[in-house]
Amino acid sequence: MDRRTFLTAAGTGAAALSLGAVTAPSAQAATPPDPRLLHHWFRDTYRSLEAMTTDFGLVTDKIDLSGPGAPAQSVQPSPTNIGCGLWSTVAAAGLGVIGEAAMIRSLTRTVAAVEKLERHHGFWLNWYDAHDGSVLTQWPGTGDPVRPFLSSVDNAWLVTGLRIAADAAPALRARIGRILATADWSYFYTPYDPADPVAGPGQLRGGVWTDTDEPTPHHYGALNTEPRMASYLGIADGSLPRDHYWHLLRTMLPEHEQEQKPGGGYVTVDGVRVWNGHYTHRGRKVVPTWGGSMFEALMVPLFVPEPEWSPRAWGLTHHRYVRAQIDHGLREAEYGYWGFSPSNVPEGGYQEYGVDALGMAVDGHASNTDRTHTTDGEPLPAPSAFTNGVVTPHASFLALPYAGREAVANLRALERDFGAYEDGLGFRDSVNVSTGRVSDFMLALDQGMVIAALAQQLRPGLLQRPFRTGGFRARVRPLLERERFSI
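Keep in mind that what you see is a predicted model, and the values were worked out from it rather than measured.

Asker: Hey, could you go over the packing of aromatic side chains for me, with residue numbers and the actual values?
Answerer: Per the stated rule, a full pass over the model turns up 22 aromatic pairs. Judged by centre distance (5.7 Å) and plane angle (50 degrees), the ring pair of Trp157 and Phe303 falls under tilted. Separated by 146 residues along the polypeptide, Trp157 in helix α7 (residues 152-168) and Phe303 in the loop between α10 (294-298) and α11 (306-309) bring together distant segments of the chain. The interplanar angle of 55 degrees and the centroid separation of 5.7 Å between the aromatic rings of Tyr335 and Phe340 together place this pair among those described as tilted. Take Phe340: its relative accessible area is 0%, and that puts it in the buried class. Between the NZ or CZ atom of Arg250 and the centre of the ring of Tyr245, over which it lies, the distance is 5.1 Å.

Rendered as structure tokens:
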């Protein structure tokens, strides 16, 4: 069944509602989302995080809803999953879904579990057993060997959750402070070498394999991707130099192969020569991500107030990035729905989804499982070429601050047209909008982003407090205020 056949079978209101989400008059688009609906979504989504949490206190990577009875937990949690559990608990208390005593009990249990986890150089390995905290050496279900790895970006999200927990629960601050005291971000950092900026780029490594102390061959070079949370944390606590921010790439250099020949020019900021590049999508100048996905651009501002501190740069590109995602879903691919970000493949597995034209990587993240890519300077593929398009609800939640009415309309269409909402647990992870296949899974990372986005919408600043003071205010905010993208 193709997309058009499916929409006809589902009822013509499916496409009409989705397309109406972006063609509504501007006055209607400014109407804020109904807080009662958002609170209902929050309450159910928080229950999915509770369903992912083991008695040991760790949040598993995902739950499977395909079987009878209660959702089945996966074995493994990553540092990011654990961080999601911490900030979701704080958000639930802040929005009155749980009481303060329940929040303290939950946070204390998780902090105690985190204290027991094996660490290296102050950081956490990528995979543990959620039920006892032991390090995974074999992948559940396959028995494939798991090589011990420290991920800079995954550790950033656990540190984010711990900082939020410490802010919300003063009784835990000393314990969390001791945990974080040895997390030195310079461990992942390669200092800038002006004589050889390729070998010494002033950027963070992707991570380190602890069995050999071998770092990844790649650095996180793109600025507008989720690893910038690690950069902000390191700059804020003083373990990374402030000029690290300026050594991150707005686009790749114009002579390098990339998705689009960038516009822009060189500028000097704080003594650093910066290629201040941009891409153009449907006439809008935007700072690209690496792959073109929603969470690369919009997960970090759930916690660090980039649009507020940098309205003429970060605030502007975030808005335009959302518009580009909407345009791709509704006008370029004509799915009738939008919101593309790494997620569960509805038919099984995991895949990176995005808008190819918004990413630096040549043939980056496509919006469909079949990988229909675009090429700069050439005509767009026909909408019929975008087969097996996959939309993930968490992408719409990330768009709430920038296109709230459209995001809610898109989510309600996914719920109504595909049955993508699970009563009592929230949205399932993804939908193949070409066939109507809905994922059997909920992923902790994606539900954690939904929780944080709803918390920010319903109680602005609730999860941002630790990132508005101290080193963030003194070291990070001045950098964002000086940022002037070429858009």
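Asker: Tell me about the sheet that holds strand β10 (residues 219-220), residues and numbers included.
Answerer: Taking strand neighbours across the sheet as the criterion, the 3 strands line up as β6-β7-β10 in an open arrangement whose pairing is antiparallel. Pairing within the sheet leaves two strands with one partner each, and these edge strands are β6 (189-192) and β10. As defined by bridge partners, β6 adjoins strand β7 (residues 201-205) across 3 bridges and the pair is classed as antiparallel. Bridged to Tyr189 within β7 is Leu204.

Asker: Go over the pattern of salt bridges with me, naming the residues and quoting the values.
Answerer: Counted according to the given criterion, the structure contains 19 salt bridges. When the shortest N-O distance is used, the salt bridge between Asp270 and Arg482 registers 2.9 Å. Highlighted residues: Asp270 in the loop between β11 (263-269) and β12 (272-281) and Arg482 in helix α16 (residues 470-482), separated in sequence by 212 residues. Asp327 is the partner of Arg284 in a salt bridge, and the nearest nitrogen-oxygen pair spans 2.8 Å.

Asker: Describe the UniProt feature "domain: Glycoamylase-like" (unreviewed entry) in the chain, and please don't skip the residues or the numbers.
Answerer: Those residues carrying the UniProt feature "domain: Glycoamylase-like" (unreviewed entry) are residues 276-468 in this numbering. The annotated region residues 276-468 carries 33% helix and 12% strand content, and the separation between its end C-alpha atoms amounts to 26 Å.

Asker: Outline the packing of helix α5 (residues 79-94) against helix α6 (residues 100-116), supporting the account with residue identities and numerical values.
Answerer: Taken N-terminus to C-terminus, the directions of α5 and α6 make an angle of 165 degrees; their axes are 9 Å apart at the nearest point. With respect to α6, the axis of α5 lies roughly antiparallel. The handedness of the crossing between α5 and α6 comes out as left-handed. Taking contact as the criterion, the partners of Ile82, Leu86, Thr89, Val90 and Ala93 in α5 are, on α6, Met103, Ser106, Leu107, Thr110 and Val114. Classifying every residue of the contact of α5 with α6 gives 7 nonpolar, 3 polar and no charged.

Asker: Can you explain empty space enclosed by the protein? Please cite residues and give values.
Answerer: Applying the stated criterion across every chain, the model contains 2 cavities of 30 Å³ or more. Put simply, the largest cavity is a space of about 50 Å³. Forming the boundary of the largest cavity are Leu204, Tyr220, Ala222, Leu223, Pro227, Arg228, Ser231, His244 and Leu248. In the lining of the largest cavity, the residues fall into 6 nonpolar, 2 polar and 1 charged.

Asker: Help me get a handle on unusual backbone geometry, residues and values and all.
Answerer: The phi angle at Asp213 is positive, at roughly 55 degrees, despite the residue not being glycine. If you check the backbone angles, Arg371 has positive phi at about 60 degrees while not being a glycine. Relative to the helices and strands, Arg371 is located in the loop between β15 (350-351) and β16 (390-391).

Cut-offs applied
- Sequence order as written defines residue numbering, which begins from 1 separately in each chain.
- The predicted nature of this model means local features are confined to residues of pLDDT at least 70 and side-chain atom pairs, given and counted, to a pLDDT of 80 or more, with totals for whole chains, interfaces and linings taken over all residues.
- Side-chain measures here rest on the full set of heavy atoms in the structure, leaving out hydrogens and waters.
- Any pair of Phe, Tyr and Trp rings, taking the six-membered ring for Trp, is counted once the centres come within 6.5 Å. Such a pair is stacked with planes under 30 degrees apart, edge-to-face with planes over 60 apart, and tilted for the rest.
- In DSSP terms, a helix is any run of H or I states spanning at least four residues, a strand is any run of E spanning at least two, and both are numbered starting from the N terminus.
- Only protein chains enter the accessibility calculation, which uses a 1.4 Å probe. A residue is then buried if its area is under 20% of the maximum for its type, exposed if over 50%, and partly exposed in between.
- Cation placement over rings: the criterion is NZ of Lys or CZ of Arg within 6 Å of the ring centroid and within 35° of the ring normal.
- Note: two strands are recorded as paired if DSSP finds a minimum of 2 bridges between them.
- Criterion for a salt bridge: a side-chain nitrogen of Lys or Arg within 4 Å of a carboxyl oxygen of Asp or Glu.
- UniProt positions are given in the numbering used here, feature names are shortened, and annotations may be inferred rather than shown by experiment.
- Throughout, an axis means a line fitted to C-alpha atoms (over the contacting stretch in the case of helices), and angles, computed between N-to-C directions, take values from 0 to 180 degrees.
- Should an angle fall under 35 degrees it is called roughly parallel, over 145 degrees roughly antiparallel, and 65 to 115 degrees roughly perpendicular, with every other angle called oblique.
- Left-handed describes a crossing whose near helix is turned anticlockwise from the far helix through less than a right angle; right-handed describes the clockwise counterpart.
- We call two residues in contact when some of their heavy atoms are within 4.5 Å.
- Three classes are used, and their members are as follows: Ala, Val, Leu, Ile, Met, Phe, Trp, Tyr, Cys and Pro are nonpolar, Asp, Glu, Lys and Arg are charged, and the others, Gly among them, are polar.
- The method works on a 1 Å grid over the protein atoms by themselves. A cavity is a set of points holding a 1.4 Å probe that cannot get out, a pocket is an open set with protein on both sides within 12 Å along at least five of seven lines, and residues with an atom within 4 Å of a point line them.
- Grid points are joined across faces, edges and corners, and a volume is the space filled by probe spheres set on the points.

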